[in-house]
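# Architecture at a glance
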Amino acid sequence: MNTDTIKKEKNTSAKAERITGSEAIIRCLIAEGVKTLYGYPGGAIMPVYDELYKYQDRIHHVLTRHEQGAAHAAQGYARISGKVGVAMATSGPGATNLVTGIADAQIDSTPLVCITGQVPSPLLGTDAFQETDIVGISTPVTKWNVQVTKAADIPEAIAKAFYIAKSGRPGPVLIDITKDAQFEEFDFIYEKCTGVRSYNPVPKTDINTVKAAAALINAAKKPMIVWGQGVILGKAEAELKAVIEKSGVPAAWTILGASAIPTAHPLNIGMVGMHGNYAPNKLTNECDVLIAIGMRFDDRVTGNLSTYAKQAKVVHFDIDPAEINKNVKADVAVLGDSKESLALLLSELNENTHDAWHQEFKALYAIEYDTVIKGDILPEKEGLTMGEVLRQINTYSKGDAAIVSDVGQHQMIACRYAEFNRSKSNITSGGLGTMGFALPAAIGAKMAAPEREVVAIIGDGGYQMNIQELGTIFQQKVPVKIVVLNNEFLGMVRQWQQLFFDKRYASTEMTNPDFVTIAKGYHIEAKRVTKRDELEAAIKEMIASKSSYFLEVCVEKEDNVFPMIPSGASVSDVRLS
């Protein structure tokens, strides 16, 4: 490894010690402040696990039941804490099982360090037992990766990995370490990485671009903000709140941006996107200035790009230059850290209220409430709805819970109706849309923030993709709350089949097991709700419980999630039914 590529935090007080590569891995993790590690042992990583056994009082290893569960648990840990999540696996299938979680972390900008074992270096390229080219496989879905074949290269690789994972726009990195490097001895000293040559994680904000952005916003008659997770990653929640309150600009959010501003804030106008709120979607194509902050103009937000906000001047704040003009052309681009750039913007903004413009949002919200929301949260039909489950959770969590959702109809309902009073409260798989994410991610989130209530909202389909992680909850005694909204369908796919494929429900109806019995098999308190008059008491009991709790709610089988922007349609074509 070329040692000239990184800058180091000099460790003048430490003396080199002769240790093995495997012990060096553990010592490096401790030096980076790692206290919790998710993983699954195997032959090619066994030397590291042997050393980990000796350091049990310094690092808590969580044995998940599948390597994908380890990656998602590390994501949940990172998302709620803001720290780097760490996952570890053996070579071959152990390493490849991490890939889905790594890809999820890459597209959702989650800082992960994944360490995999590899066959001894003389066997590389020989198709040895459990050999896969995990560096080649993971290259498209990592921020950086490397294979280490010499023990002496381990400290620098790990130092660089942590720096890259957490700096700038965060992301996952992978270090693949051969078994002989784990056994080899060398003179160990650890120095943290403080920079990498040719890597500029935080572009310097140009004050002239800030002034140009402020000029457009100050002159606007119908401005609109859409913020994303970049606000949360940049710890810029207070700055965003100050900006919208001073400028009076109505502000909407992407699903990963949810919770940066409290749900009840009067300038919070709701969620944009395929199943977002009616008003912000509809009025995107009527605003005169669109201010995007820490979001990437994902296709689920924009719909048909050829018709997206063509009437508006676009101001784009982002830390990643690659996002500027990638999907939507910016009239003004402000590069840099969101906390810094929004603070600079605040001083340039005029005070305003935009009362008449806000009335347009309120009028459209009233239509959505009468047509969709009321029926979701205050249903008159006999069967239970997903929306009323979220309403009851809000009642007893008081908006302070972290909601960890899987992917599907329940995810959109959770994002639409969960109430959030604090940041880092909406943890979900956004860009990759990974079914099976929620259960292990909820484990990681609860372990990172034990003082917080963590509620996993999961569909019956996604739940069964990583249901084995109930074993992790049982063994680790993680007091996470699990709510499965069971409609006996792959609900989102079924909704599309109903609307666009003439109700041909091909391979979407599910014959499910007895979920309550399974949960009780793992010694987790469990209950099933099938009637409305049972719901409130069950949720009250679940939230009050000090231990893990599983609640199955049997909901309407063929309920749909609206509003909805059909795939490929304009945001103006958002449907209410």
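The structure this text deals with has already been given above.
Residues numbered from 1 in each chain as written. Predicted model: local features only at pLDDT ≥ 70, side-chain atom pairs only at ≥ 80, totals over all residues. Heavy atoms only, no water.

What follows deals with the nonpolar core. W227 and L345 are the most contacted members of the largest nonpolar core, which totals 95 residues. No other element matches helix α14 (residues 355–377), which puts six residues into this core. Looking at this core, you find at least three residues from each of domain 2 (207–358) and domain 3 (382–554). Not counting residues up to four positions away in its chain, the partners in contact with W227 are L240, A251, A252, W253, T254, G257, A260, I261, N268, I293 and M295. (Core = buried A, V, L, I, M, F, W, Y, C linked by side-chain atoms within 4.5 Å. Buried < 20%, exposed > 50% of the residue type's maximum accessible area, 1.4 Å probe, protein only. Helix = DSSP H or I, 4+ residues; strand = E, 2+ residues; numbered from the N terminus. Domains from an automatic or database assignment. Contact = heavy atoms within 4.5 Å.)

A few words on the side chain of K481. Checked against the element boundaries, K481 lands in strand β20 (residues 481–486). A polar side-chain atom of K481 sits 2.9 Å from the main-chain carbonyl oxygen of S545. Residues in contact with K481, not counting those within four places in the same chain, are E453, V454, V455, A456, M542, I543, S545, S547 and Y549. (Polar contact = N/O pair within 3.5 Å; in protein donor to acceptor, adjacent residues only side chain to side chain.)

In this structure the tally under the stated criterion is 25 salt bridges. Linking K8 and E156 is a salt bridge whose minimum nitrogen-to-oxygen distance equals 3.5 Å. Of the two residues, K8 sits in strand β1 (residues 6–8) while E156 sits in helix α6 (residues 154–166), which places them 148 residues apart along the sequence. Given the relative accessible area of 30%, K8 is considered partly exposed. (Salt bridge = Lys/Arg side-chain N within 4 Å of Asp/Glu carboxyl O.)

Turning next to the sheet that holds strand β21 (residues 525–529). Read from one edge to the other, the open sheet built from six strands follows the order β18-β17-β19-β20-β22-β21, with strand pairing classed as parallel. Two strands in the sheet have a free side with no partner beyond their single neighbour: β18 (426–428) and β21. Ignoring which end each strand starts from, the neighbouring axes of this sheet average 20° apart. With three bridges joining them, strand β17 (residues 402–405) and β18 adopt parallel strand pairing. Residue pairing in the sheet places S405 in a bridge with T428 of β18. Contacting β17, β19 (454–459), β20 and β22 (549–554), helix α15 (residues 386–397) crosses the sheet at an angle of about 160° to β20. Sitting on the sheet, helix α16 (residues 409–417) touches β17, β18, β19 and β20, and the angle it makes with β19 is about 140°. (Pairing = 2+ DSSP bridges. Axes fitted to C-alpha atoms, helices over the stretch in contact; angles between N-to-C directions.)

Honestly, it's all geometry; don't read function into it.
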